[in-house]
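Residues per chain are reported as follows:
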Amino acid sequence: MTESLAPIDILLVEDDPGDVLMTQEAFEHHKIRNPLYVVSDGVEALQFLRQEGPYADAPRPGLVLLDLNLPRKDGREVLAEVKAAPELRCIPVVVLTTSEAEEDILRSYDLHANAYVAKPVDFDRFVEVVRQIDDFWVTVVKLPR
């Protein structure tokens, strides 16, 4: 892979401050260079992605890490709106959630999630999962600019 490519921006949509902190620490631990932006609910996520309101100058992320259980607008609704919008649907969305329920997995893929990952509760395993997501989506996969 060519190292000269600019790192992609990643949007983390997560309302649990502990999970946000663990994700940030996982990025630091693995020296992930990708800028990580964080919003805490589905309404903010859509504003960020559409570059509206307080996010008018936000970058268009190359990857979204999306929790399902969010306040104001849940992750399923966010996923449905992102994948229905022609200007947003090409952004890969990885559902990163605590739920391992088969119905959540099926529903997420029905809504065109690009991947579904259950968050491990163990910190070391969580850090490894974040590294693997970064390796795959940033190093292996060719994403549109």
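Residues numbered from 1 in each chain as written. Predicted model: local features only at pLDDT ≥ 70, side-chain atom pairs only at ≥ 80, totals over all residues. Heavy atoms only, no water.

**Here's the deal with helix H5 (residues 123-140)**
Part 1 of the argument: The terminal C-alpha atoms of H5 lie 24 Å apart, and with 18 residues this matches the ideal 26 Å at 1.5 Å per residue to within 8%.
Part 2 of the argument: For H5, every residue scored as buried is listed here: Phe 126, Val 127, Val 129, Val 130, Ile 133, Asp 134 and Trp 137. Projection of H5 onto a plane perpendicular to its axis shows the buried side chains occupying an angular sector of 160°, all on one side. Along H5, the residues that are exposed and aim more than 90 degrees away from the buried face are Asp 124 and Val 140.
Part 3 of the argument: Looking at the packing, one finds that the buried side of H5 touches strand E1 (10-13), helix H1 (17-29), strand E3 (63-66), strand E4 (93-97) and strand E5 (115-118). (Helix = DSSP H or I, 4+ residues; strand = E, 2+ residues; numbered from the N terminus. Expected span 1.5 Å × (residues − 1). Buried < 20%, exposed > 50% of the residue type's maximum accessible area, 1.4 Å probe, protein only. Arc of directions from axis to C-beta. Contact = heavy atoms within 4.5 Å.)

**Focus on the pattern of salt bridges**
Part 1 of the argument: Considering all chains together, one arrives at nine salt bridges under this definition.
Part 2 of the argument: A salt bridge links Glu 128 to Arg 131, with the shortest nitrogen-to-oxygen separation between them at 2.3 Å. Here the residue Glu 128 and the residue Arg 131 both occupy positions in helix H5, the gap between them amounting to three residues, near one helical turn.
Part 3 of the argument: For Arg 131, a relative accessible area of 23% gives the class partly exposed.
Part 4 of the argument: Beyond isolated ion pairs, a larger network of salt bridges with shared partners links Glu 14, Asp 19 and Lys 119. (Salt bridge = Lys/Arg side-chain N within 4 Å of Asp/Glu carboxyl O.)

**Section: the packing of H1 against H5**
Part 1 of the argument: The interhelical angle for the contact between H1 and H5, taken along N-to-C directions, is 65°, at an axis separation of 9 Å. Handedness of the H1/H5 crossing: right-handed. Counted together, Asp 19, Met 22, Thr 23, Glu 25, Ala 26, Phe 27 and His 29 of H1 and Phe 123, Phe 126, Val 127 and Val 130 of H5 form the full contact between these two elements.
Part 2 of the argument: Classifying every residue of the contact of H1 with H5 by side-chain character gives seven nonpolar, two polar and two charged. (Axes fitted to C-alpha atoms, helices over the stretch in contact; angles between N-to-C directions. Left-handed = near helix turned anticlockwise from the far one by under 90°. Nonpolar A, V, L, I, M, F, W, Y, C, P; charged D, E, K, R; others polar.)

**Description of the packing of aromatic side chains**
Part 1 of the argument: Scanning all chains against the criterion turns up three aromatic pairs.
Part 2 of the argument: Aromatic pair Phe 48 and Tyr 55: ring centres 5.5 Å apart, planes at 55°, arrangement tilted.
Part 3 of the argument: Linked through ring pairs, Tyr 37, Phe 48 and Tyr 55 together constitute an aromatic cluster. (Phe/Tyr/Trp six-rings, centres within 6.5 Å; stacked < 30°, edge-to-face > 60°.)

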